[in-house]
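Read off the chains here:
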Amino acid sequence: MNGPVGKIIGVGSALGGRVVTNADLEGIIETDNQWIVDRTGIEERRFVAEGEDCVTLAVDASREALANAGADGSSVDLILCATSTAPESMPSVACLVGEAIGAPGVGAMDLAAACAGFSYGASVASSMLASGAANRVLLIGADAMTEVVDEKERSTSVLFADGAGAVVLDRGGGESGFVDHILGADGRMAPLLRAGHPGGEQKLYQNGREVFKFAVRIIPEMVEKLVARNGITLEDVQYIVPHQANARIIQAAARKLDLPEDRIVVNVDRFGNTSAASIPLSYPEIFEKLDPGRYVITVGFGSGLTWAANLYRV
Ligand code: UT7
């Protein structure tokens, strides 16, 4: 299939039920509101409440996306969930979502590319739609990062949080859909950011400075590549939706691209870093404002290190 594929027909999101402000963290670790705001831009984040986990967040976001699309769970023919914090190694989060939304028998799988997972997933979904293997895909990014972060480790516990975002993608065939993708990974940088399984001993470790430098380099690089090889200009791009790791990373990338700040989406101040959820969590905030014919670029990066970006024509 030529032309755009994977038209977004519905978007949804879910956040952990517990609002945690910087002041709340001051009571748990040696930190202060000013340090967190200055170094990260984060003012509050949402943690899972009792009874919530990556699966419940994924289900809630999916239900909202389906309702927003006016679609039934049974109309979907592939469920893809990008996550690194499934409560169990098996079954996958996607299978449990399928059960909850009334999609028995529908193909479902998880995809692991850490904070770049949603962008990887958009590429996989587009390929499945383009090949005719699927006509409607439910694509989710969901992570309960508090399950793998040591709450006493101040360099990470102030950053990460819990959420999920979902989009319903139709095959398209019109003017709207994904037109290009970039996928990348380099396992030589694996030691910079890694975490064990939820409930396990190995908590998340991050070399913040090195990942910071990598992110500030890779975001503009991917954006420039997508723009150049598709014969458009940055002016044609209505929004850039970067992974929400740190407001300073986003500001530095915007400066490098010479992009006005109102065209680069920021919600890390309210949601913290929700890993695979951070990009799709942004969709409900911009979906109604999108201008047909313009473009959205989504850019993820994370453990692996992995990186990925998508060019979407509205
Ligand atoms: O989603 C995956 C991708 N992840 C990222 O993109 C994260 C990229 N990295 C970052 O966002 C930043 O590197 C951090 C926010 C993690 C850290 O900011 P930084 O400006 O690189 O700070 P730093 O790690 O160099 O630490 C500076 C100081 C240290 O103290 P000393 O050694 O200078 O005395 C830390 O111990 O800040 C201290 N510190 C804190 N102080 C108060 C570290 N965490 C905290 C804290 N509160 N929560």
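Residues numbered from 1 in each chain as written. Predicted model: local features only at pLDDT ≥ 70, side-chain atom pairs only at ≥ 80, totals over all residues. Heavy atoms only, no water.

**Quick notes on the side chain of aspartate 180**
And step 1. Within the fold, aspartate 180 resides in strand E8 (residues 177-185).
And step 2. Residue aspartate 180 is classed as buried on the basis of its relative accessible area of 14%.
And step 3. Engagement of the side chain of aspartate 180 in a polar contact is seen with the side chain of asparagine 230, the distance being 2.9 Å. (Helix = DSSP H or I, 4+ residues; strand = E, 2+ residues; numbered from the N terminus. Buried < 20%, exposed > 50% of the residue type's maximum accessible area, 1.4 Å probe, protein only. Polar contact = N/O pair within 3.5 Å; in protein donor to acceptor, adjacent residues only side chain to side chain.)

**A look at the pairing of strand E3 (residues 44-47)**
And step 1. Residues Arg45 and Phe47 of E3 are buried on one face, while the alternating residues Glu44 and Arg46, pointing to the opposite face, are not.
And step 2. Bridge analysis of strand E2 (residues 18-21) against E3 gives four bridges, and the strand direction is antiparallel. Bridge pairing in E3 places valine 19 opposite arginine 46. (Pairing = 2+ DSSP bridges.)

**Observations concerning the packing of aromatic side chains**
And step 1. Counted according to the given criterion, the structure contains two aromatic pairs.
And step 2. The interplanar angle of 70° and the centroid separation of 4.9 Å between the aromatic rings of phenylalanine 178 and tyrosine 312 together place this pair among those described as edge-to-face. Here the residue phenylalanine 178 occupies a position in strand E8, and tyrosine 312 occupies one in strand E13 (residues 306-313), the gap between them amounting to 134 residues. One exposure class covers both phenylalanine 178 and tyrosine 312, and it is buried.
And step 3. A cation over an aromatic ring shows up here: arginine 270 above the ring of phenylalanine 271, its NZ or CZ 5.0 Å from the ring centre. (Phe/Tyr/Trp six-rings, centres within 6.5 Å; stacked < 30°, edge-to-face > 60°. Lys NZ or Arg CZ within 6 Å of the ring centre and 35° of its normal.)

**Looking at helix H5 (residues 117-131)**
For an α-helix, 3.6 residues make a turn, and residues three or four places apart therefore share a direction.
And step 1. With 15 residues, H5 extends 21 Å from end C-alpha to end C-alpha; this agrees with the ideal 21 Å at 1.5 Å per step.
And step 2. Those residues of H5 that fall on the buried side of the exposure criterion are Gly117, Phe118, Ser119, Tyr120, Gly121, Ala122, Ser123, Ala125, Ser126 and Leu129.
And step 3. With its phi angle positive at about 90°, glycine 132 sits one or two positions after the end of H5. (Expected span 1.5 Å × (residues − 1).)

**As for the site of the ligand**
And step 1. Taken together, 23 residues sit near the ligand, with Thr31, Arg209, His243, Asn246 and Asn273 positioned nearest.
And step 2. Residue arginine 209 places a side-chain N or O atom 2.8 Å away from an oxygen atom belonging to the ligand.
And step 3. Contacts to the ligand include asparagine 273, whose side-chain N or O atom sits 2.7 Å from an oxygen atom.
And step 4. When isolated, the ligand has an accessible area of 960 Å², and the protein chains bury 76% of it.
And step 5. Secondary structure elements with two or more residues in the shell around the ligand: helix H2 (33-40), helix H6 (154-157), helix H7 (208-229) and helix H8 (247-257). (Near = heavy atom within 4 Å. Areas by Shrake-Rupley, 256 points an atom, 1.4 Å probe, with all protein chains shown as cover.)

**Examining helix H4 (residues 93-100)**
And step 1. Among all positions in H4, only Val93, Ala94, Val97 and Gly98 are buried. Buried residues along H4 cover an arc of 140° about the axis, so they all sit on one side. (Arc of directions from axis to C-beta.)

**What to know about the packing of H7 against H8**
Describing two packed helices takes the angle between their axes plus the distance from one axis to the other.
And step 1. As a packed pair, H7 and H8 sit with axes 9 Å apart at the nearest point and diverge in direction by 40°. Classed by the angle they form, the pair H7 and H8 counts as oblique. Note on packing geometry: the crossing formed by H7 with H8 is right-handed. Contacts between H7 and H8 pair Phe212, Ala215, Val216, Arg217, Ile219, Pro220, Val223 and Glu224 from the former with Arg248, Ile249, Ala252, Ala253, Lys256 and Leu257 from the latter. (Axes fitted to C-alpha atoms, helices over the stretch in contact; angles between N-to-C directions. Parallel < 35°, antiparallel > 145°, perpendicular 65-115°, else oblique. Left-handed = near helix turned anticlockwise from the far one by under 90°. Contact = heavy atoms within 4.5 Å.)

**Considerations on the state of the cysteines**
And step 1. Tallied over the full model, the rule gives zero disulfides.
And step 2. Summary of cysteine pairing: cysteine 81 is not part of a disulfide, and the nearest cysteine sulfur, belonging to cysteine 54, is at 5.6 Å.
And step 3. With no disulfide of its own, cysteine 95 lies closest to cysteine 81 among cysteine sulfurs, the gap being 11 Å.
And step 4. Its relative accessible area of 38% is what places cysteine 95 among the partly exposed residues. (Disulfide = S-S within 2.5 Å.)

**Here's the deal with unusual backbone geometry**
And step 1. Methionine 90 connects to proline 91 through a cis peptide bond whose omega is 0°.
And step 2. Note the cis peptide between glycine 304 and leucine 305, where omega equals -15°.
And step 3. At aspartate 258, a residue that is not glycine, the phi angle is positive and equals roughly 55°.
And step 4. Secondary-structure assignment places aspartate 258 in the loop between H8 and helix H9 (268-271).
And step 5. Judged by its relative accessible area of 71%, aspartate 258 is exposed.

**Let's talk about the side chain of glutamine 206**
And step 1. Tracing the sequence through the fold places glutamine 206 in strand E10 (residues 205-206).
And step 2. Those residues in contact with glutamine 206 that lie beyond four places of it in its chain are Thr156, Leu159, Phe160, Leu192, Leu193 and Val211.

**Considering the pattern of salt bridges**
Side chains that differ in sign of charge can pair as their charged atoms come close.
And step 1. Counted under the stated rule, the structure contains ten salt bridges.
And step 2. Taking the shortest distance from any N to any O, the salt bridge between arginine 136 and aspartate 170 comes out at 2.6 Å. With arginine 136 in strand E6 (residues 136-144) and aspartate 170 in strand E7 (residues 162-172), this pair connects stretches of sequence that are 34 residues apart.
And step 3. Judged by its relative accessible area of 18%, aspartate 170 falls in the buried class.
And step 4. For the salt bridge of lysine 213 with glutamate 210, the shortest nitrogen-to-oxygen distance reads 3.0 Å. Taken together, the positions of lysine 213 and glutamate 210, both in helix H7 and three residues apart, correspond to about one turn of that helix. (Salt bridge = Lys/Arg side-chain N within 4 Å of Asp/Glu carboxyl O.)

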